[in-house]
There are 4 protein chains.
Amino acid sequence: MRAFTDERDWAKFHDPKSLILALVGEVGELAELFQWLPADEAAQKVSSDPLRRRVGEEMADVLAYLVRLADILDIDLAEVARQKLENSAERFPPADFRGEAPEKI
Amino acid sequence: MRAFTDERDWAKFHDPKSLILALVGEVGELAELFQWLPADEAAQKVSSDPLRRRVGEEMADVLAYLVRLADILDIDLAEVARQKLENSAERFPPADFRGEAPEKI
Amino acid sequence: MRAFTDERDWAKFHDPKSLILALVGEVGELAELFQWLPADEAAQKVSSDPLRRRVGEEMADVLAYLVRLADILDIDLAEVARQKLENSAERFPPADFRGEAPEKI
Amino acid sequence: MRAFTDERDWAKFHDPKSLILALVGEVGELAELFQWLPADEAAQKVSSDPLRRRVGEEMADVLAYLVRLADILDIDLAEVARQKLENSAERFPPADFRGEAPEKI
C-alpha cells in the first residue's frame with residue numbers, strides 16, 4: 001500500500017481521518033453484500049462466486065486501508081493484534097465465559 | 001482468533017452478519033478516537049500514549065474480526081488483498097492518476 | 001443540535017468529515033448492542049429495558065449527528081428524504097420487486 | 001418507509017441486524033463522498049451539484065433505514081432524540097465544556 005500510494009503521489013490524501021472514512025466506505029460495501037441475506041444462510045450463500053469473489057475484494061479493501069493507517073501512524077498492526085488478543089484471553093477466562101457472548105472482545 | 005473463539009465456545013455467535021456488526025463496532029470506536037482531532041494534527045496527536053495505545057487496540061480489534069470473518073468464510077485474506085492491490089495497480093496507472101484521488105481504490 | 005452546539009462553542013469541531021466520523025462512532029455503538037443477538041430474536045430482546053433504552057439512545061445519537069451534518073451543509077434532510085423515497089418508489093415498482101430484495105433502496 | 005416496504009413485501013428482510021447493516025452501507029457511501037476532500041474545504045466543495053445532490057441522497061438513505069429501524073422496534077425516534085439531547089445538555093454544562101470537545105455527546 002505504501003509503494004502503491006507513493007507511485008501515485010496519493011500520500012497527501014492519507015491523513016488518519018481520511019483513511020478511516022475510506023475504511024468506513026469499504027466496510028459499508030462489505031455490509032451491503034450481506035444485509036439482506038438470511039443470517040443462517042449467509043455463509044453458504046457467499047461460498048461460491050460471484051458473491052464469494054466480491055466479498056473477498058471488499059475484505060481486501062478494508063485490510064488495505066487498515067494497513068495503510070497503521071503505516072502512517074507507525075503502528076505494528078500484527079504486533080498490537082497479538083498483544084490485544086493476549087489481553088482479551090486474560091480478560092475472558094474460558095472457564096468464566098464459555099458459551100456466553102461478552103459485549104465485546 | 002479461531003483458537004480464542006473455540007476455547008470459549010463462541011463460534012456459535014460468529015455468523016457473517018454478526019461478525020460484520022462487531023467489525024462495525026470496532027471501526028466506530030476507532031473513529032471516535034479521531035473524530036474531534038484537527039485533520040492536520042491527528043497523526044501527531046496520536047503519536048504518543050495513551051492515545052497511541054488506544055488507537056492500536058481498536059485497530060487490533062478491527063483486524064481480529066476481519067480475520068475471523070475470513071476464517072469462517074474460508075477466504076485467504078492475505079491472498080485476496082495481494083490480488084486486489086494488483087488489480088488496483090492496473091486500474092490506476094500512475095501516469096494517469098498521479099496526484100489525483102480516485103473515488104476509491 | 002445547533003443551539004446545543006453554539007452554547008458550548010463546539011461548532012469549530014463540526015466540519016463534515018468530523019461529523020461523519022462521529023456518526024460512524026454512534027452507528028458502531030448501535031451495532032454493538034445487536035451484534036451477538038440471534039437474528040430472529042433481536043427485535044424481541046430489545047423490546048424491554050434496559051436494552052430498549054440503550055438502543056433508543058444510540059439511535060438518537062445517530063440522528064443528532066445526521067441532523068447536525070444537514071445543518072452545516074444547509075441540506076433540508078426531511079425534504080431530501082421525501083424526494084429519495086419517491087425516487088426509490090419509481091425505481092422499484094411493486095409489481096417487479098415484490099418479495100425480492102434489491103441490493104439497496 | 002413502512003408503506004414503501006409493505007407494498008413490496010420487503011418487511012421480511014427488515015430484522016434489526018439486517019437494517020443496521022443496510023444503515024452501515026449507506027453511511028459508507030456518505031463517507032466515500034467526503035473521504036478525500038480536504039477537511040477545511042469539504043463543506044464548500046459539497047455546496048454545489050452534483051456533489052451536493054449525492055450527499056443529500058446518501059443522508060436520505062441513512063435516515064430512511066434509521067426511521068425504518070425505529071418503526072420495527074416501535075421506538076419514537078423524535079422523542080428519544082429530544083430526551084437524549086436534554087440529557088446531553090445536563091451532562092455537558094456550557095460553563096464547564098465551552099470550547100472543549102468531549103469524546104462524545
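Our subject is the structure listed above.
Presented here is a report on the structure given in the accompanying data block. Here the residue index of a chain counts from 1 through its sequence in written order. Here every chain gets a letter starting at A, and every ligand a number starting at 1, in the order they are written. Confidence filtering applies because this is a predicted model: local features only for residues at pLDDT of at least 70, side-chain atom pairs given and counted only at 80 or more, and all residues used for totals across whole chains, interfaces and linings. The side-chain values count all of the structure's non-hydrogen atoms but skip hydrogen atoms and water molecules.

In this section: the packing of aromatic side chains. Two measures describe an aromatic ring pair: the distance that separates the ring centres and the angle between the ring planes. Stacked, tilted and edge-to-face pairs are distinguished by plane angle, under 30 degrees for stacked and over 60 for edge-to-face with tilted covering the rest, among Phe, Tyr and Trp rings (Trp via its six-membered ring) whose centres lie within 6.5 Å. Applying the stated criterion to the full structure yields 20 aromatic pairs over all chains. Considering the side-chain rings of Tyr65(A) and Trp36(D), the 6.0 Å spacing of their centres and the 50° angle between planes classify their relative orientation as tilted. In this pair, Tyr65(A) sits in helix H4 (residues 51–72) while Trp36(D) sits in the loop between helix H2 (16–34) and helix H3 (42–45), so the two residues belong to two different chains. Grouping residues by exposure puts Tyr65(A) and Trp36(D) together as buried. The helix count covers DSSP runs of H or I at least four residues long, the strand count covers runs of E at least two residues long, and both are numbered beginning at the N terminus. Three exposure classes are used, based on accessible area relative to the maximum for each residue type with a 1.4 Å probe and protein chains only: buried under 20%, partly exposed in between, and exposed over 50%.

All right, on to helix H5 (residues 77–91) of chain B then. With 15 residues, H5(B) extends 21 Å from end C-alpha to end C-alpha; this agrees with the ideal 21 Å at 1.5 Å per step. The complete set of buried residues in H5(B) reads Leu77(B), Val80(B), Ala81(B), Lys84(B) and Ser88(B). In a view along the axis of H5(B), the buried residues occupy a sector of 100°, so they form one face of it. In H5(B), the exposed residues that point more than 90 degrees away from the buried face are Glu86(B) and Glu90(B). By definition, residues are in contact when any of their heavy atoms lie within 4.5 Å. Where H5(B) is buried, its residues contact helix H1 (2–7) and H4 of chain A together with helix H4 (51–72) of chain B. One less than the residue count of a helix, multiplied by 1.5 Å, gives the span that helix is expected to have. This arc is taken over the directions from the axis of the helix to the C-beta atoms.

What follows concerns the relation of the copies chain A and chain B. Only residues with pLDDT of at least 70 in both copies count here: their C-alpha atoms drive the least-squares fit that superposes the copies. Mapping chain A onto chain B calls for a screw motion: a turn of 180° about the axis and a shift of 0.0 Å along it, with 0.0 Å RMSD after fitting. The transformation relating the two chain copies, once decomposed into turn and shift, fits a two-fold axis. Taking C-alpha positions as reference, the residue of chain A nearest the rotation axis is Leu63(A), located at 3.8 Å. Most of the interface of chain A is mirrored in chain B: 100% of its interface residues are interface residues there too.

Attention shifts here to the interface of chain C and chain D. Opposite the 62 residues of chain C that make contact, chain D presents 62 residues. Accessible-area loss on putting two parts together, using a 1.4 Å probe and summing over both, is the definition of buried area adopted here. Roughly 5300 Å² is buried in total at the junction of chain C and chain D, and carbon and sulfur atoms are behind 72% of that figure. A pair is scored as a salt bridge if a Lys or Arg side-chain nitrogen falls within 4 Å of a carboxyl oxygen belonging to Asp or Glu. Summed over the shared surface of chain C and chain D, the number is two salt bridges. Residue Asp61(C) is joined to Lys84(D) by a salt bridge in which the shortest nitrogen-to-oxygen separation is 2.6 Å. Here a polar contact is recorded for every N or O atom pair within 3.5 Å, except that within protein the pair must consist of a potential hydrogen donor and a potential acceptor, and residues adjacent in sequence are included only if both atoms are side-chain atoms. The interface formed by chain C and chain D contains 24 residue pairs in polar contact (both at pLDDT 80 or more). Mapped onto the side of chain C that touches chain D, the elements with two or more residues apiece are helix H1 (2–7), helix H2 (16–34), helix H3 (42–45), helix H4 (51–72), helix H5 (77–91) and helix H6 (94–97) of chain C. With 14 residues, H4(C) is the largest single contributor of residues to the side of chain C that touches chain D.

Cis geometry is found at the peptide bond from Asp49(A) to Pro50(A), where omega equals 5°. Turning to its location among the elements, Pro50(A) is positioned in the loop between helix H3 (42–45) and H4. With a phi close to 55°, Asp74(A) is a non-glycine residue in the positive phi region. Accessibility expressed as a relative area gives 59% for Asp74(A), which makes it exposed. Here the phi dihedral of Asp9(D) falls at roughly 55°; this positive angle occurs in a residue that is not glycine. Tracing the backbone shows Asp9(D) in the loop between helix H1 (2–7) and H2.

Time to look at the pattern of salt bridges. Inspection of the entire model under this criterion finds 32 salt bridges over all chains. Arg8(B) is the salt-bridge partner of Glu7(B), the closest N and O atoms lying 3.2 Å from each other. Note on Glu7(B): relative accessible area 41%, which makes it partly exposed. Judged by its relative accessible area of 1%, Arg8(B) is buried. A network of salt bridges, in which partner residues are shared, links Arg2(A), Arg68(A) and Asp71(A).

Aligned on chain D, chain C shows an RMSD of 0.0 Å; the corresponding rotation is 180° and the shift along the axis is 0.0 Å. Comparing interface residues between copies, 100% of those in chain C also lie at the interface in chain D; the contact surface is shared.

Of the residues lining the interface, 62 residues belong to chain A; the matching set on chain B comes to 62 residues. Across the chain A to chain B interface the summed buried area is about 5300 Å²; carbon plus sulfur atoms make up 72%. For the pair chain A and chain B, the number of links is two salt bridges. Put simply, chain A and chain B have 24 residue pairs in polar contact (both at pLDDT 80 or more) between them. Going through the elements one at a time, H1, helix H2 (16–34), H3, H4, helix H5 (77–91) and helix H6 (94–97) of chain A are the ones with two or more residues in the side of chain A that touches chain B. The biggest single contributor to the side of chain A that touches chain B is H4(A), with 14 residues. By residue class, the composition of the side of chain A that touches chain B is 41 nonpolar, four polar and 17 charged. Note on residue categories: nonpolar means Ala, Val, Leu, Ile, Met, Phe, Trp, Tyr, Cys or Pro, charged means Asp, Glu, Lys or Arg, and polar means any other residue, Gly included.

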